[in-house]
Amino acid sequence: VQKDTDTNDYIKSIKEGFLTANILVAFGLAKISQSSLIGPALTPVAVEETGYGKLLAVSTKLIKEREANPHEKPEDMLDSFIRHGVKGDALRSEVLDTLVIGSFGPAYSICSVILHTLANQGVLTKLRCEINEAVATGKAPRIGEGPISFAQAKQLPYLQAVIRESQRMLPPVIGLFPRDIPAGGDIVTVAGKTIFLPGGAYIGRSVYSMFHCEETYGHDADNFRPERWFEAEDAKLANMVRVNELIFNHGKYQCMGKVIAQTEIAKAVFEVSAEIVQQA
């Protein structure tokens with residue numbers, strides 16, 4: 001970030017990795033990539049000088065150093081993982097997931113908010129007014145007083161609506177995330193209709209379709225309009241929120257970094273918006 005460059009082609013490598021994974025999933029070859037014969041040929045190795053392999057080497061080195069010399073007081077997520085007994089391959093996997101998925105998703109969401117806000121001057125004006133009022137009344141810190149806290153950011157309703165609407169328009173992850181249907185099949189109710197799901201098949205979700213569903217979000221679901229989050233009645237709003245939360249998946253598959261991501265997005269968007277307000 002400080003150098004404003006893709007150090008060691010990390011970002012390029014991660015993008016290429018996502019592209020490869022998407023192609024394998026699209027052609028039903030995901031399981032083949034996990035085989036002992038083909039898998040290694042598709043997997044970066046820690047001896048590479050750039051890209052994901054370099055990231056793997058650096059993170060492995062840092063993990064070994066921390067395990068050998070743990071901090072007396074927890075200072076970061078790696079300390080927390082170690083303190084809770086995560087070690088070995090599991091620890092390396094958690095750290096890499098945090099570095100890759102934990103940076104890609106929030107960064108994409110932040111870019112989406114900035115894009116939609118700057119492209120809609122009416123939205124930017126309303127966001128400016130909310131930020132100005134929050135700073136003037138002490139609900140948010142002034143520039144130079146430190147970053148806004150997540151608790152403070154959650155108390156700014158228009159900011160939260162802008163974030164939700166931006167993520168709805170351009171969700172950071174749109175994969176199907178297919179799940180196996182039990183051998184005996186299953187029965188679900190969709191739009192009041194009972195549907196039988198045959199055992200052994202896969203079932204996934206179309207995030208883009210869900211987030212542009214007129215029944216859920218209104219007749220203008222294809223438009224960026226944060227105001228919809230204030231106009232809906234309680235039951236409809238609750239359903240809108242539930243659907244939007246599927247950005248982070250659901251149940252036992254829910255993203256473990258959900259709160260961290262929400263914190264990063266809210267704090268970053270506020271600070272960037274506040275800077276725009278200050279310069280205006």
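Keep in mind that what you see is a predicted model, and the values were worked out from it rather than measured. (Residues numbered from 1 in each chain as written. Predicted model: local features only at pLDDT ≥ 70, side-chain atom pairs only at ≥ 80, totals over all residues. Heavy atoms only, no water.)

Trainee: Report on the packing of aromatic side chains, specifying residues and quantitative values.
Mentor: Considering all chains together, one arrives at 2 aromatic pairs under this definition. Between Y158 and F230 the ring centres are 6.2 Å apart and the planes differ by 5°, which places this aromatic pair in the stacked class. One end of the pair, Y158, is in helix α8 (residues 157-169); the other, F230, is in helix α11 (residues 228-231), and 72 residues separate them in sequence. What makes Y158 buried here is its relative accessible area of 8%. Above the face of the W229 ring, R164 is positioned so that its terminal group lies 5.7 Å from the ring centre. Its guanidinium or amino end placed over the ring of Y217, R168 lies 4.9 Å from that ring's centre, counting from NZ or CZ. (Phe/Tyr/Trp six-rings, centres within 6.5 Å; stacked < 30°, edge-to-face > 60°. Helix = DSSP H or I, 4+ residues; strand = E, 2+ residues; numbered from the N terminus. Buried < 20%, exposed > 50% of the residue type's maximum accessible area, 1.4 Å probe, protein only. Lys NZ or Arg CZ within 6 Å of the ring centre and 35° of its normal.)

Trainee: I'd like a rundown of the side chain of E227, residues and numbers included.
Mentor: Tracing the sequence through the fold places E227 in the loop between α10 (214-217) and α11. Once you skip the residues sitting within four places of it in the chain, E227 turns out to touch K126 and Y158. (Contact = heavy atoms within 4.5 Å.)

Trainee: Could you give an account of a nonpolar patch on the surface, with specific residues and numbers?
Mentor: On the surface, L19, I23, F27, L29, I32, L37 and I38 cluster together to form a nonpolar patch covering roughly 710 Å² of accessible area. Its place among the elements puts L19 in helix α1 (residues 10-26). (Patch = residues over 30% accessible without salt bridge, like charges linked within 9 Å, V, L, I, M, F, W, Y side chains within 5 Å. Areas by Shrake-Rupley, 256 points an atom, 1.4 Å probe, with all protein chains shown as cover. Salt bridge = Lys/Arg side-chain N within 4 Å of Asp/Glu carboxyl O.)

Trainee: Run through the pairing of strand β2 (residues 186-190), naming residues and quoting values.
Mentor: When β2 meets strand β3 (residues 193-197), the two strands line up antiparallel, connected through 5 bridges. Across the sheet, the residue bridging to T189 is T194, located in β3. Counting the residues between successive antiparallel strands, the hairpin from β2 to β3 contains 2 residues, one of them, A191, with a positive phi of roughly 55°. (Pairing = 2+ DSSP bridges.)

Trainee: An account of the pattern of salt bridges is needed here, citing residue identities and associated values.
Mentor: Opposite charge on two side chains allows them to pair when their charged atoms are near. Scanning the entire structure with this criterion turns up 12 salt bridges. A salt bridge links D76 to R66; the shortest N-O distance between them is 3.0 Å. Of this pair, D76 sits in the loop between α3 (51-68) and α4 (77-83) while R66 sits in helix α3, and the two are 10 residues apart along the sequence. Looking at D76, the relative accessible area reads 34%, which means it is partly exposed. One network of salt bridges, with partners in common, ties together E165, R168, D220, R225, R228 and E231.

Trainee: Got a sec to walk through the nonpolar core? Specific residues and values, please.
Mentor: Of all hydrophobic cores here, the largest spans 23 residues; its most connected members are L159 and F270. Counting residues per element, the ones that place at least two in this core are α5 (88-118), α6 (121-136), α7 (150-154), α8 and α13 (258-279). Once residues lying within four places of it in the same chain are set aside, the contact partners of F270 are I131, V135, A140, P141, I148, L156 and L159. Within the second largest apolar cluster, 12 residues are counted, among which are A161, Y217, A221 and W229. (Core = buried A, V, L, I, M, F, W, Y, C linked by side-chain atoms within 4.5 Å.)

Trainee: Can you break down the side chain of S59 residue by residue, with the values?
Mentor: Within the fold, S59 resides in helix α3. S59 sits in the buried class, given a relative accessible area of 6%. Among the polar contacts listed, one links the side chain of S59 to the backbone oxygen of L56, at a separation of 3.0 Å. In this structure, S59 is in contact with V95, L96 and L99, ignoring residues within four places of it in sequence. (Polar contact = N/O pair within 3.5 Å; in protein donor to acceptor, adjacent residues only side chain to side chain.)

Trainee: Before we move on, can you summarise α3 with the specific residues and values?
Mentor: Look at α3: 26 Å from first C-alpha to last across 18 residues, which is about the 26 Å you get at 1.5 Å a residue. Residues of α3 that are buried include every one of G51, G53, L55, L56, S59, T60, I63 and R66, and no others. As for α3, its buried residues are in contact with α1, α4 and α5. (Expected span 1.5 Å × (residues − 1).)

Trainee: Would you mind going over the layout of surface pockets in detail, with residue names and values included?
Mentor: Put simply, the second largest pocket is a space of about 660 Å³. Along the wall of the second largest pocket there are 18 residues; nearest its centre are R205, M210, L246, N249 and H250. If you list the elements that add at least two residues to the lining of the second largest pocket, you get α9 (207-211) and α12 (234-245). Examining the composition of the lining of the second largest pocket, we find that 4 residues originate from one element, α12, more than from any other. Classifying every residue of the lining of the second largest pocket gives 7 nonpolar, 7 polar and 4 charged. (1 Å grid on protein atoms, 1.4 Å probe; cavity = no way out; pocket = protein on both sides within 12 Å on 5 of 7 lines; lining within 4 Å. Points joined across faces, edges and corners; volume = space filled by probe spheres on them. Nonpolar A, V, L, I, M, F, W, Y, C, P; charged D, E, K, R; others polar.)

Trainee: Report on unusual backbone geometry, specifying residues and quantitative values.
Mentor: Backbone geometry at D4 places phi at a positive 55°, although glycine is not the residue there. Under the relative-accessibility criterion, D4 is labelled exposed at 70%. Phi is positive for N8, which is not a glycine, with a value near 55°. Structurally, N8 is set in the segment before α1.

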